[in-house]
Amino acid sequence: MLLWVQRGVWDSRGAASLLKDSIPITDFSASGSFEGHDLLRRGFTSVRSELLPSHPLELSEKNFQLNQDKTNFATLRNIQGLHAPLKLQMELRAVKQAQRLPFLHSSNMAVDTLRGNDECIGFEDILNDPSQSEVMGEPHMMMEYKLGLL
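Throughout, residues of each chain are indexed from 1 in the direction in which the sequence is written. Reporting of local features is limited, given that this is a predicted model, to residues whose pLDDT is at least 70; pairs of side-chain atoms are given and counted only at 80 or more, and all residues count toward the totals for whole chains, interfaces and linings. The basis for the side-chain values is all heavy atoms of the structure; hydrogens and waters are excluded.

Undergrad: Help me understand the layout of surface pockets in this model?
TA: Gaps between atoms show up when a probe of the same size as a water molecule is rolled over them. By volume, the largest pocket amounts to about 700 Å³. Put plainly, a pocket is an open set of points on a 1 Å grid over the protein atoms alone with protein on both sides within 12 Å along at least five of seven lines, a cavity is a set where a 1.4 Å probe fits but cannot get out, and a lining residue has an atom within 4 Å of a point. Around the largest pocket, the lining comprises 21 residues; the ones closest to its centre are Ser107, Asp112, Asn117, Glu124 and Asp125. When residues of the lining of the largest pocket are assigned to their parent elements, the largest contribution, four residues, is made by helix α7 (residues 109-115). Lys, Arg, Asp and Glu make up the charged group, whereas Ala, Val, Leu, Ile, Met, Phe, Trp, Tyr, Cys and Pro make up the nonpolar group; the residues left over, Gly among them, are polar. A per-class count over the lining of the largest pocket returns seven nonpolar, nine polar and five charged. Grid points are joined across faces, edges and corners, and a volume is the space filled by probe spheres set on the points. Of the pockets and cavities examined, the second largest pocket occupies roughly 230 Å³. Elements supplying a minimum of two residues to the lining of the second largest pocket: α6 (83-97) and α7. Considered class by class, the residues forming the lining of the second largest pocket number seven nonpolar, four polar and three charged. Secondary structure is summarised from DSSP: a helix means a run of H or I of at least four residues, a strand means a run of E of at least two, and numbering begins at the N terminus for each.

Encoded structure:
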């Protein structure tokens, strides 16, 4: 049994004796508009999570490819049946799993072909030059990081 020390005397009665002789401690935290952020109870605040989108179309643009894929899969399902979107999703998943080494640039041409974007010219085709990339690193370190050796 746990022994409690109360007023310099060993007490074996436990917490019940502490409760009757103790002084209640009120919550000293500020309340209202002057209340500060309590790190121990609420954790760190993230400014990014508190920000709202700056424009109503921002969320739509952020999820454009996902929304376009859903629409294309729904249309494909209505026209050809359930097997067509399932086959295309399986092919997309297989193509995404096959990757180059982490230090080599990949154009993901197979993904663009399956999505039908291989005939479109976008800003990423012009501004995504691998020779101007800032993420080129040491090949050995990048490979060890990918394999989990670091």
